[in-house]
Number of protein chains: 2
Amino acid sequence: MSRNNNKIVPTPAIKRMPYYLAYVKGLKKKGEEYVSSKMIADYMHIDPSQITKDLAYTEIIGKTRVGYQVDSFIEILTDFLSFNITNKAFLVGAGSLGSALLHDKGISNYGLIIDTAFDTDVDKVGKEINNIKIEHMDQFRHLAEEKEVEIGIITTPVDVAQAVADLMVAWGIKAIWNFTPTKLQVHEGIIVEHTTMYSNIASLLNKLKNENNN
Amino acid sequence: MSRNNNKIVPTPAIKRMPYYLAYVKGLKKKGEEYVSSKMIADYMHIDPSQITKDLAYTEIIGKTRVGYQVDSFIEILTDFLSFNITNKAFLVGAGSLGSALLHDKGISNYGLIIDTAFDTDVDKVGKEINNIKIEHMDQFRHLAEEKEVEIGIITTPVDVAQAVADLMVAWGIKAIWNFTPTKLQVHEGIIVEHTTMYSNIASLLNKLKNENNN
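Computed from a predicted structure; not experimentally measured.

A. Local environment of the overall build of chain A. A tally of helices and strands in chain A yields eight helices and nine strands. Projecting the C-alpha coordinates of chain A onto the three principal axes gives extents of approximately 60 × 55 × 35 Å. Each of the 214 residues in chain A was classed as buried or not, and the buried ones make up 51%. By element, 49% of the accessible surface of chain A is carried by carbon and sulfur atoms, the whole surface being about 9,800 Å². Taking the 23 positively charged and 26 negatively charged side chains of chain A as two groups, their mean positions are separated by 7 Å.

B. The arrangement of the interface of chain B and chain A in detail. Facing the 69 residues of chain B at the interface are 69 residues of chain A. Summed over both partners, the interface of chain B with chain A comes to about 6,500 Å²; 62% of that surface belongs to carbon and sulfur atoms. Taken as a group, Tyr19(B), Lys183(B) and Leu204(B) account for 10% of the area that chain B buries against chain A, more than any other trio of residues on that side. For the pair chain B and chain A, the number of links is four salt bridges. Among the salt bridges present, the one from Glu193(B) reaches Lys207(A), with a minimum N-O distance of 3.0 Å.

C. Quick look at the domain arrangement of chain A. Its domain assignment divides chain A into domain 1 (2-80) and domain 2 (87-199). Here domain 1 of chain A and domain 2 of chain A have C-alpha centroids that lie 31 Å from each other.

D. Up close: the packing of aromatic side chains. Per the stated rule, a full pass over the model turns up 18 aromatic pairs over all chains. Ring centres 4.8 Å apart and planes at 55° place the aromatic pair Phe90(B) and Phe118(B) in the tilted group. Of the two residues, Phe90(B) sits in strand S3 (residues 87-92) while Phe118(B) sits in strand S4 (residues 112-119), which places them 28 residues apart along the sequence. Since its relative accessible area comes to 0%, Phe90(B) is described here as buried. Seen from the ring of Tyr19(B), Lys183(A) lies directly overhead, with NZ or CZ sitting 5.0 Å from the centre.

E. Region of interest: the relation of the copies chain B and chain A. Note on the copies: chain B fits chain A at an RMSD of 0.0 Å, the axial shift is 0.0 Å, and the rotation between them is 180°. Put plainly, the chains are arranged around a two-fold axis. Residue Ala100(B) of chain B places its C-alpha closer to the rotation axis than any other residue of that unit, at 2.1 Å. The share of interface residues of chain B whose copies in chain A are also at the interface is 100%, consistent with both copies meeting through the same surface.

F. Molecular detail of helix H3 (residues 48-55) of chain A. Residues and elements named next belong to chain A. Among all positions in H3, only Ile 51, Asp 54 and Leu 55 are buried. Looking straight down H3, one finds that the buried residues subtend no more than 90° of arc, so they occupy a single side. For H3, the secondary structure elements touched by its buried residues are helix H1 (11-29), helix H2 (37-44), strand S2 (68-69) and helix H4 (70-80).

G. Fine view of the pattern of salt bridges. Inspection of every chain in the model, using the stated rule, returns 19 salt bridges over all chains. Note that Asp42(B) and Lys38(B) form a salt bridge whose closest N and O atoms lie 2.7 Å from each other. Here Asp42(B) pairs with Lys38(B), and both are found in helix H2 (residues 37-44), just four residues apart, close to one helical turn. Note on Asp42(B): relative accessible area 43%, which makes it partly exposed. Within this structure, Lys15(A), Glu193(A) and Lys207(B) form a network of salt bridges that share partners.

H. Region of interest: the sheet that holds strand S7 (residues 151-154) of chain B. All names here are of chain B. In space, the seven strands of this open sheet follow the order S5-S6-S4-S3-S7-S8-S9, with mixed pairing throughout. Taken across any chain shown, the strands that pair with only one partner, and hence form the sheet edges, are strand S5 (128-129) and strand S9 (191-194). As paired strands, S5 and strand S6 (residues 132-136) are joined by two bridges and run antiparallel to one another. Its bridge partner being in S6, Ile 129 is matched across the sheet by Ile 132.

I. Fine view of the confidence of the model for chain A. Residues and elements named next belong to chain A. When pLDDT is averaged across chain A, the result is 92; 96% of the residues are at 70 or more. Put simply, helix H5 (residues 96-103) is where chain A has its lowest mean pLDDT, 89, and strand S7 (residues 151-154) is where it has its highest, 98. Note on residues 1-5: pLDDT is under 50 here. Beyond four places in sequence and across chains, it has twelve contacts. Under the prediction, the complex receives an ipTM of 0.90, its pTM being 0.89.

Cut-offs used in this document
- Residues numbered from 1 in each chain as written.
- Chains lettered and ligands numbered in written order.
- Predicted model: local features only at pLDDT ≥ 70, side-chain atom pairs only at ≥ 80, totals over all residues.
- Heavy atoms only, no water.
- Helix = DSSP H or I, 4+ residues; strand = E, 2+ residues; numbered from the N terminus.
- Buried < 20%, exposed > 50% of the residue type's maximum accessible area, 1.4 Å probe, protein only.
- Areas by Shrake-Rupley, 256 points an atom, 1.4 Å probe, with all protein chains shown as cover.
- Lys, Arg positive; Asp, Glu negative; His and termini not counted.
- Charge placed at Lys NZ, Arg CZ, Asp CG, Glu CD.
- Contact = heavy atoms within 4.5 Å.
- Buried area = accessible area lost by both parts, 1.4 Å probe.
- Salt bridge = Lys/Arg side-chain N within 4 Å of Asp/Glu carboxyl O.
- Domains from an automatic or database assignment.
- Phe/Tyr/Trp six-rings, centres within 6.5 Å; stacked < 30°, edge-to-face > 60°.
- Lys NZ or Arg CZ within 6 Å of the ring centre and 35° of its normal.
- Least-squares fit on C-alpha atoms with pLDDT ≥ 70 in both.
- Arc of directions from axis to C-beta.
- Pairing = 2+ DSSP bridges.
- pLDDT = per-residue confidence, 0-100.

As structure tokens, this is what we get:
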């Protein structure tokens, strides 16, 4: 399948697409054969024109009145999001959150495989979690080169996150997935994605407190 | 310590605060005694006036020229974010991601304790992960009432997420932390926070693909 790889898709559109995919997979399970922009829009609480616009970046083609064919929608969108390719990642920080992520086999359905974990704690080095080996941080550089890994996940304590990011970049990592509440400073061209679990907790607890005080 | 509980803090401000807290805790570790808005602003890459504005919601008081005292900053902000209180949560879906979260002892530092996990899979029910018991979903209602739990975490497969959310709300849950790529529909007054790991993966992989095609 050919694809226009040069088209830059806006990040908000890309971030909506896993929702579309999950929704349409749900329809498939229920035996539906077609899905319309309107159905997806209702589900997402956004305007149908936004769905059409987002999907125009992909090669998903709808038919007038019937909409998108569910099977090809799933196939094309999975491919478009690179979820069917195995992208190897290295994780640094095999502490509590790091170990948790190593246990999550689900992310492989989204194109990401944690190949190796790294830590500096000698009690952890050499062990395995979920069949993923924990290596000493010293091994990161040559293993990244050997395995051609471009994605680094940071689940370290906050105060070493920036130093780990700097090392990752120096050692060839091009994209960092940061789980720590740290604003990483990296040079241009290095990709950083934050998953802000702690901001989510803060927001949830604050809203709950306000709700309970009403 | 008295606190103005009636002041509604904007969500973006609340979501920035765990970063401020993490940063200032880092300074404390390095032996710093004072921190200025400018230092926090530089770290966050935002304007110092934003920091001052955000912190004005709390009772953190700065001194002209020296800034905020590190110890009291940490104490007041931790308290403000309810991170020093134990907020009990129930988790539904002890699959891959759910088990991962159960392994993460770190979230208790952010005020959240997963008290009990729930699943419908009889092979999982009765087991424990990280000392957290997995109960059958049937037990949710009475346990939520007995333990006065108001927070529900959803880590189920996508296609049951909405039904689980509906049950949670019916059974007294007031705030839902949703890890599935599902737009949950809940009635007004129910709090929903999404942690969008899969959107983060999609965005990261897409940017990496674009970068590598340049």
